[in-house]
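This is what each chain is made of:
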Amino acid sequence: MQGAPPFIKKASAAMYLLEVLSGPLDGKTWAFDREITIGRDDKIAEACIPLDRYVSRKHAHLCVDGEQLLLTDLKSRNGTKLDGKDLNTAAPLEIGTPFVVGRTVLRVTRA
């Protein structure tokens, strides 16, 4: 038997949920598998948070890098905070750890 059909391989890819813990969209979630951009402009950001005026149009980016998630601030005006500190470079993000964009608190969980 040769390798599994491509649709089976896709099904085994890790799925994540980006969830708003606190902010104007409290409880909102977005599913993603490899990466997601967070921002205020729905033409740029898959995770659009239009009601938080402190979120930049293109604010932050999450991506899967091997076995870990990386969180990167995209030179936003108000920054991205992880563990209460401004994020200056891409940083590993543990599943379930809250982080802040603008005035919105988010976290990533497994779907």
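Residues numbered from 1 in each chain as written. Predicted model: local features only at pLDDT ≥ 70, side-chain atom pairs only at ≥ 80, totals over all residues. Heavy atoms only, no water.

Structural notes on the nonpolar core
Grouped together as the largest cluster of nonpolar side chains are 23 residues, with contacts concentrated most on Leu 18, Ile 38, Leu 62, Phe 99, Leu 106 and Val 108. Those elements that provide at least two residues to this core are strand S1 (16-22), strand S2 (29-32), strand S3 (35-39), strand S5 (60-65), strand S6 (68-73), strand S9 (91-93), strand S10 (99-101) and strand S11 (104-110). In this structure, Ile 38 is in contact with Leu 18, Ala 45, Ala 47, Ile 49, Lys 58, His 59, Ala 60, Leu 62, Phe 99, Val 101 and Leu 106, ignoring residues within four places of it in sequence. (Core = buried A, V, L, I, M, F, W, Y, C linked by side-chain atoms within 4.5 Å. Buried < 20%, exposed > 50% of the residue type's maximum accessible area, 1.4 Å probe, protein only. Helix = DSSP H or I, 4+ residues; strand = E, 2+ residues; numbered from the N terminus. Contact = heavy atoms within 4.5 Å.)

A word on the pairing of S1
Where S1 meets S2, 4 bridges bridge the pair, whose relative direction is antiparallel. Within S2, the residue paired with Glu 19 across the bridge is Thr 29. The pairing of S1 with S11 spans 6 bridges and is antiparallel. Looking at the pairing, Val 20 lines up with Leu 106 of S11. (Pairing = 2+ DSSP bridges.)

A few points about the pairing of S5
Of all 6 residues in S5, 5 are buried, a share of seventy percent or more. By the bridge criterion, 4 bridges tie S3 to S5 in an arrangement that is antiparallel. The residue bridging Thr 37 from the neighbouring strand is His 61, located in S5. Both S5 and S6 contribute to a ladder of 6 bridges, which runs antiparallel. Residue pairing for S6: Val 64 is matched across the bridge by Leu 69. Following S5, the chain reverses through 2 residues before pairing antiparallel with S6; Gly 66 in that reversal takes a positive phi of roughly 70°.

Quick look at the sheet that holds S9
The strand order across the open sheet built from 5 strands is S4-S3-S5-S6-S9, with neighbouring strands paired in mixed fashion. Looking along the sheet, the strands with just one partner apiece sit at the ends: strand S4 (47-48) and S9.

Describing the confidence of the model for the chain
The predicted model of the chain averages 90 in pLDDT, with 87% of residues at 70 or higher. Every residue in residues 8-12 scores below 50 in pLDDT, and together they form 1 contact with partners more than four places removed in sequence or on other chains. (pLDDT = per-residue confidence, 0-100.)

Things to note about the environment of Asp 83
Looking at where Asp 83 falls in the secondary structure, it is placed in the loop between strand S7 (80-82) and strand S8 (85-86). Taking C-alpha positions, Asp 83 is 8.3 Å from Thr 97, a pair spaced 14 residues apart along the chain.

With respect to the side chain of His 59
Note that His 59 resides in the loop between S4 and S5. A polar side-chain atom of His 59 sits 3.2 Å from a polar atom in the side chain of Ser 76. At a separation of 2.8 Å, a polar atom in the side chain of His 59 contacts the main-chain carbonyl oxygen of Gly 79. Excluding residues within four positions of it along the chain, His 59 makes contact with Ile 38, Gly 39, Tyr 54, Thr 72, Asp 73, Leu 74, Ser 76, Gly 79, Thr 80, Val 101 and Gly 102. (Polar contact = N/O pair within 3.5 Å; in protein donor to acceptor, adjacent residues only side chain to side chain.)

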